[in-house]
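Observations on the three-dimensional arrangement
Residue-level listing of the chains:
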Amino acid sequence: MLEKVDGVIIRSNDYGETHKIVTIFSNKLGKISALARGAKKPKSRMAAVTQPFIFGQFYIYINSGLSTIQQGEVIDSFRAVREDIIKTAFSAYIVELTDKLMESKSPDGYIFEELLGTMRWIEENDDAAIPIMMYELKLFKKGGFAPTVHSCSNCGGKERFISFSIREAGLLCSNCSGIDPHAFAISPVIAKLLYIFSTVELKRVGTISVKQENIKLLRKIIDAYYEQYGGYFLKSRKVINQLHLLK
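Anyway, here's the lowdown on the structure attached to this text. (Residues numbered from 1 in each chain as written. Predicted model: local features only at pLDDT ≥ 70, side-chain atom pairs only at ≥ 80, totals over all residues. Heavy atoms only, no water.)

A water-sized probe rolled over the atoms picks out the places where empty space is left. Of the volumes computed, that of the largest pocket is approximately 480 Å³. Lining the largest pocket we find 19 residues, and of these Phe90, Ala129, Ile215, Arg219 and His244 sit closest to its centre. Counting residues per element, the ones that place at least two in the lining of the largest pocket are helix H3 (85-101), helix H5 (129-142), helix H7 (212-229) and helix H8 (235-246). The class makeup of the residues in the lining of the largest pocket is eight nonpolar, three polar and eight charged. (1 Å grid on protein atoms, 1.4 Å probe; cavity = no way out; pocket = protein on both sides within 12 Å on 5 of 7 lines; lining within 4 Å. Points joined across faces, edges and corners; volume = space filled by probe spheres on them. Helix = DSSP H or I, 4+ residues; strand = E, 2+ residues; numbered from the N terminus. Nonpolar A, V, L, I, M, F, W, Y, C, P; charged D, E, K, R; others polar.)

Glancing now at the side chain of Ser165. Looking at the element boundaries, Ser165 is found in strand S6 (residues 161-165). With a relative accessible area of 0%, Ser165 lands in the buried category. Of note is the side chain of Ser165, whose polar atom sits 3.3 Å from the backbone nitrogen of Arg167. A polar atom in the side chain of Ser165 sits 2.5 Å from the side chain of Asp180. Filtering out sequence-adjacent residues up to four positions away, Ser165 remains in contact with Gly170, Leu172, Asp180 and Ala183. (Buried < 20%, exposed > 50% of the residue type's maximum accessible area, 1.4 Å probe, protein only. Polar contact = N/O pair within 3.5 Å; in protein donor to acceptor, adjacent residues only side chain to side chain. Contact = heavy atoms within 4.5 Å.)

For Arg219, the position within the fold is in helix H7. Taking C-alpha positions, Arg219 is 19 Å from Leu101, a pair spaced 118 residues apart along the chain. Not counting residues up to four positions away in its chain, the partners in contact with Arg219 are Tyr93, Ile132, Met133, Glu136 and Arg237.

Below, the structure is given as structure tokens:
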């Protein structure tokens, strides 16, 4: 069956001397892998459209085994991302995380739009720290290990959040904070931001203004949380850490 889908190339692997197997995250079919014949040949039409980060329109022959890309056209090449090492590193991280946490052939239009929006934000802005964290938290939910950010993870209370516990997987209120002496101390602002980041669509966010110390704390919380519950080693995360050391 031939299907026309719009999707983002989130992974590309060589297959034989001239072919590639690419993984596309699409709105219509979800995550799907397909053979791109001749894509390693420089003059092949498939060469340009099967590069990582390409947002394209693909005609894919779907079958029970490995599907095959019959034709593809570039919708957005994200050129500015490719020309900047930091933007490339961040984009590589979010597509690798998408590949790890999204199940095959399980469409999710919401996550698809959030991925595209985050990539466009990375392309157009120098600072993408907040959109990336927003996307991470939404993917954590799809992966089945989202933190509790709407109530106390211990008692279910709805107010006076003063800490975030990795062990308890979420916010703790003032009555329950003592159960985890290693929890991150947080302000009401951090608690509110965690809820917003987890629930609000990126397109609904205009200019984002968050203090740098709050961004750093949120980054520490999310990194520690993923390390505890994520379950997948991410090569792109290691690259980002190395780039931060260089800076």
